[in-house]
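What the coordinates show
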Amino acid sequence: MPFDDDFRTFFPVPLFRVTYAVIHGFEKTSHHMTISPYAGKPAVPALLANIPKLITAYYTLIPDRQVQDQQVQFGTSGHRGSSLNTSFNEWHILAITQAICQYRSGKGINGPLFIGADTHALSEPALASALEVLAANQVGTMLAKDNDYVPTPAISLAILTYNRGRKDGFADGIVITPSHNPPTDGGFKYNPPNGGPAGDDITGWVQNRANELLTAKLAGVKRVSVRQALSASTTHYHDYLQEYVDNLGSVVDLDLIRSSGLHIGADPLGGAGVHYWQPIADKYKLNLEVVNKEVDPTFRFMTVDWDGQIRMDPSSSYAMARLIGMKDRFDISVACDTDHDRHGIVTKSAGLLPPNHYLAVCIDYLFRNRPGWGADAAVGKTVVSSSIIDRVTARLKRKLYEVPVGFKWFVDGLLDRSLGFVGEESAGASFLRKDGSVWTTDKDGIIAALLAAEITARVGKDPGEIYRDLVATFGEPVYDRVEAPVTPEGKAALKKLSAQQVKSTELAGEKIEAILTTAPGNHAAIGGLKVATANGWFAARPSGTENIYKIYAESFKGNDHLKRIVTEAQTIVDDAIGKK
């Protein structure tokens, strides 16, 4: 790790604020997203992040506790931000890590803490900052062997493996990643002993304590130098890669994939699993080719996403343009985002599968081909995932467990085996081992990707062809997500909406059958509204960061019906929140 005691002395506090501009090349309308002229094309030099500026800003810009955007804010996936706008800096990470140490201590969590980072530029300095605090607090810390990058599911697996059968001395973990976000972003997540993303009660406590430490100008934060941390008796190394690869055969039928000879193309998109794919291929003798082994903090090998940003999103046809272009070279092509908790599946028959399509295929396949799973294992989905999942689940005679947006809602069900497969519309999923025991309680893009090969090998059709079969049976849904402007007051009203505030009885010519402000599965607030009819639905949720709300909508009656749903959704929401 390229840090020593004197590292910080190279960064005198500047007399100016570091600013950073990126060419967006698009105009965003209030309704539909406008596509950038750069979308799907190789990144031009002007789009690349200035990594020295990014790292300098991490160490030199100090957050102002009075500015909301510079506070510690845990969203659905931990604290995220960029050092360039003072939302992800050294002070944030020192404060969050100290808060986590105090949370562990208060809860009697005294086993090892498994920590890993992805390939984003800010992940390495954040790891160094976290180590300074963990060592000073005498927390047993498990770093990756050879200082390798660590995928999110490998940390979840390590926590669960360590905790299996224990009554005390539980382990937990920290995942340093902003997921598929642009190269200038950083992210920091806490996974408690259940191995999954922390719930609101935990993140709320950690967030509040971290902000108190920021207000106190880090008084109360214990830290030692990185050099001391690395040589501390509490700092150990863990072989995440070996543990993960060795256990993979318990969750996906790798023997079947090997014997089929399927030619698989895998693109790590320069992410944390970049060193995992070849050992998987070698150990299980798969005909798998890693199409890109490059790691570069600018991610210059990516094609640009829809809005002119570089984003390692495996569900975006723009970000995946290179792998889509190779689809005829392979029987199945797969990719994962930067921390490898999301999947992208490219088939010869259909190109890149939308996440909802692939989730439906996975559910239909797994519950027919996992005899070791309990007869009562249910299907987990989020309220904004496709209703074709509901129809597939009903045919399988399985229970549907529908929850608000956020993978944390699935953790307990995976842990107690009451959920067999869980998935999000944003291409995150996990499922049980073949024997019905828990695999990970966080999203796992690698198993979802390899499952596509297992399905193709067993069924003799790729997931794109299987989805066409499902559509022939259940009807073809069309899906959209749009944005609408709203005031901060309107956002607050939408979040607290009750079903009684919706006065409409029809949506796009159909009788409204359900008005939901809590999820049917666990009755947790969805932070917005979902309205459903026999052949369509919409959900509306306020953005956590912008003065907009997002409308998710789906119809089984075609694009014209979908457009009506979207238009009427905006009217229904605006009326309900009293927007003039």
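The residue count restarts for each chain, going from 1 along the sequence in the order it is written. For a predicted model such as this one, the threshold for reporting local features is a pLDDT of at least 70, and the threshold for listing and counting side-chain atom pairs is 80 or more; totals across whole chains, interfaces and linings nevertheless cover every residue. As a convention, hydrogens and water are excluded, and side-chain values are obtained from all of the structure's heavy atoms.

Moving on, we come to the overall build of the protein chain. Tallying secondary structure elements over the protein chain gives 17 helices and 23 strands in all. The globule rule puts the C-alpha radius of gyration for 580 residues at 25 Å, and the 23 Å found for the protein chain is close to it. Seen along its three principal axes, the alpha-carbon backbone of the protein chain occupies a region of about 65 × 65 × 50 Å. Burial classes: relative accessible area under 20% of the type maximum marks a residue as buried, over 50% as exposed, and values in between as partly exposed (1.4 Å probe, protein chains only). For the protein chain, buried positions account for 61% of its 580 residues. We call two residues in contact when some of their heavy atoms are within 4.5 Å. Considering only residue pairs separated by 6 or more positions, the protein chain has 71% of its internal contacts joining residues 24 or more positions apart. Total accessible area on the protein chain is roughly 22100 Å²; 50% of this is exposed by carbon and sulfur atoms. Strands are runs of DSSP state E lasting at least two residues, helices are runs of H or I lasting at least four, and both sets are numbered from the N terminus onward. Here the globule rule reads 2.2 Å times residues to the power 0.38, and the radius of gyration is calculated from C-alpha atoms. Throughout, the Shrake-Rupley method with a 1.4 Å probe supplies accessible areas, and for residues the shown protein chains are the sole cover considered.

So, on to the packing of aromatic side chains. Only rings of Phe, Tyr and Trp enter the pairing, Trp through its six-membered ring, and a pair is recorded when the two centres are within 6.5 Å. The plane angle decides the type: under 30 degrees is stacked, over 60 is edge-to-face, the rest tilted. Counted by the stated rule, this structure contains 13 aromatic pairs. For the pair Phe-407 and Phe-410, a centre-to-centre distance of 5.4 Å together with 75 degrees between the ring planes defines the contact as edge-to-face. Since its relative accessible area comes to 0%, Phe-410 is described here as buried. Put simply, the rings of Tyr-58, Tyr-59 and Phe-88 pair up and form one aromatic cluster.

To estimate how far a helix should reach, multiply one less than its number of residues by 1.5 Å. Over its 14 residues, helix α3 (residues 123-136) extends 20 Å from the first C-alpha to the last, a length consistent with the 20 Å expected when each residue adds 1.5 Å. Where burial is concerned, most of α3 is hidden: 13 out of the 14 residues are buried. Looking one or two residues past α3, Gln-138 carries a phi angle of roughly 55 degrees, positive in sign.

You can see Leu-262 is positioned in the loop between α8 (254-260) and β8 (264-267). Between the alpha carbons of Leu-262 and Glu-454 there is a distance of 9.3 Å; along the sequence they are 192 residues apart. What Leu-262 contacts, discounting residues up to four positions off in sequence, is Ile-257, Asn-287, Asp-331, Ala-453, Thr-456 and Ala-457.

Another aspect to go through is the packing of helix α7 (residues 240-247) against helix α9 (residues 277-284). Orientation of α7 relative to α9, taken along the N-to-C sense of each, is 45 degrees, at an axis distance of 10 Å. In terms of their interaxial angle, α7 and α9 are classed as oblique. Helix-helix and strand crossings are classified by hand; for α7 and α9 the assignment is right-handed. Two secondary-structure elements touch here, α7 through Leu-241, Val-245, Asp-246 and Asn-247 and α9 through Pro-279, Ile-280, Lys-283 and Tyr-284. For this scheme, ten residues count as nonpolar: Ala, Val, Leu, Ile, Met, Phe, Trp, Tyr, Cys and Pro. Four count as charged, namely Asp, Glu, Lys and Arg, and the remainder, Gly too, count as polar. Of the residues in the contact of α7 with α9, the class split is five nonpolar, one polar and two charged. In this analysis an axis means a line fitted to C-alpha atoms, helices contributing only their contacting stretch, and an angle means the value between N-to-C directions, from 0 to 180 degrees. Orientation is classified from the angle alone, with under 35 degrees giving roughly parallel, over 145 giving roughly antiparallel, 65 to 115 giving roughly perpendicular, and any other angle giving oblique. For any helix crossing, the convention is left-handed if the near helix is rotated counterclockwise from the far helix by under a right angle, and right-handed if that rotation is clockwise.

Another aspect to go through is the sheet that holds strand β3 (residues 113-117). If you trace the seven strands from one edge of the open sheet to the other, you get β1-β2-β6-β5-β3-β4-β7, paired in mixed fashion. Looking at which strands have only one partner, the edges of the open sheet turn out to be β1 (74-75) and β7 (235-238). Two strands form a pair only when DSSP identifies at least two bridges running between them. Where strand β5 (residues 172-176) lies against strand β6 (residues 185-191), three bridges are found, and the strand directions are antiparallel. Considered in β6, the bridge of Gly-173 is made with Asn-191. Its contacts with the sheet place helix α2 (residues 90-107) against β1, β2 (78-82), β3, β5 and β6, and it is angled at close to 5 degrees to β6. Contacting β3, β5, β6 and β7, helix α4 (residues 152-163) crosses the sheet at an angle of about 170 degrees to β3.

Turning our eyes to something else, we now look at unusual backbone geometry. One non-glycine residue with positive phi stands out, namely Leu-218, at about 75 degrees. Within the element layout of this structure, Leu-218 appears in the loop between α5 (200-215) and α6 (226-231). Backbone geometry places Lys-285, a non-glycine residue, at a positive phi of 55 degrees. Examined against the element boundaries, Lys-285 turns out to sit in the loop between α9 and β9 (288-290).

This brings us to the pairing of β5. The element β5 is extensively covered by neighbouring structure, given that five of its five residues are classed as buried. The alternating pattern of β5 places Asp-172, Ile-174 and Ile-176 and Gly-173 and Val-175 on opposite faces, both of which are buried. Bridge count for β3 against β5 is five bridges, and the pairing is parallel. Bridge pairing links Ile-115 to Ile-174 in β5.

Attention now moves to the nonpolar core. Throughout this description, the term nonpolar core refers to a set of buried Ala, Val, Leu, Ile, Met, Phe, Trp, Tyr and Cys residues connected via side-chain atoms within 4.5 Å. With 72 residues, the main nonpolar core has Tyr-240, Leu-248, Trp-277, Tyr-358 and Leu-450 as its most contacted residues. With nine residues, the top contributor of residues to this core is helix α14 (residues 445-459). When sequence neighbours within four positions are dropped, the list of residues in contact with Trp-277 reads Ala-266, Pro-268, Leu-288, Val-290, Val-334, Cys-336, His-340, Ile-446, Ala-449 and Leu-450.

Quick look at the sheet that holds strand β15 (residues 419-424) now. Reading across from one edge, β14-β13-β15-β16 is the order of the four strands in this open sheet, with mixed pairing throughout. Sheet topology places β14 (400-403) and β16 (428-431) at the edges, where each strand pairs with a single neighbour. Each neighbouring strand pair of the sheet contributes to a mean axis angle of 15 degrees, computed without reference to strand direction. This element, helix α11 (residues 355-366), spans β13 (378-382), β15 and β16 of the sheet and lies at about 170 degrees to β15.

Those residues of helix α16 (residues 488-495) not exposed but buried are Gly-490, Lys-491 and Leu-494. Each buried residue of α16 lies within a common arc of 105 degrees when the element is viewed along its axis, so the set occupies one face. Facing away from the buried side of α16 by more than 90 degrees, the exposed set consists of Glu-489 and Lys-495. On its buried side, α16 packs onto β21 (525-532), β22 (536-542), β23 (548-555) and α17 (559-576). Picture the helix axis, draw a direction to every C-beta atom, and the arc is the one those directions span.

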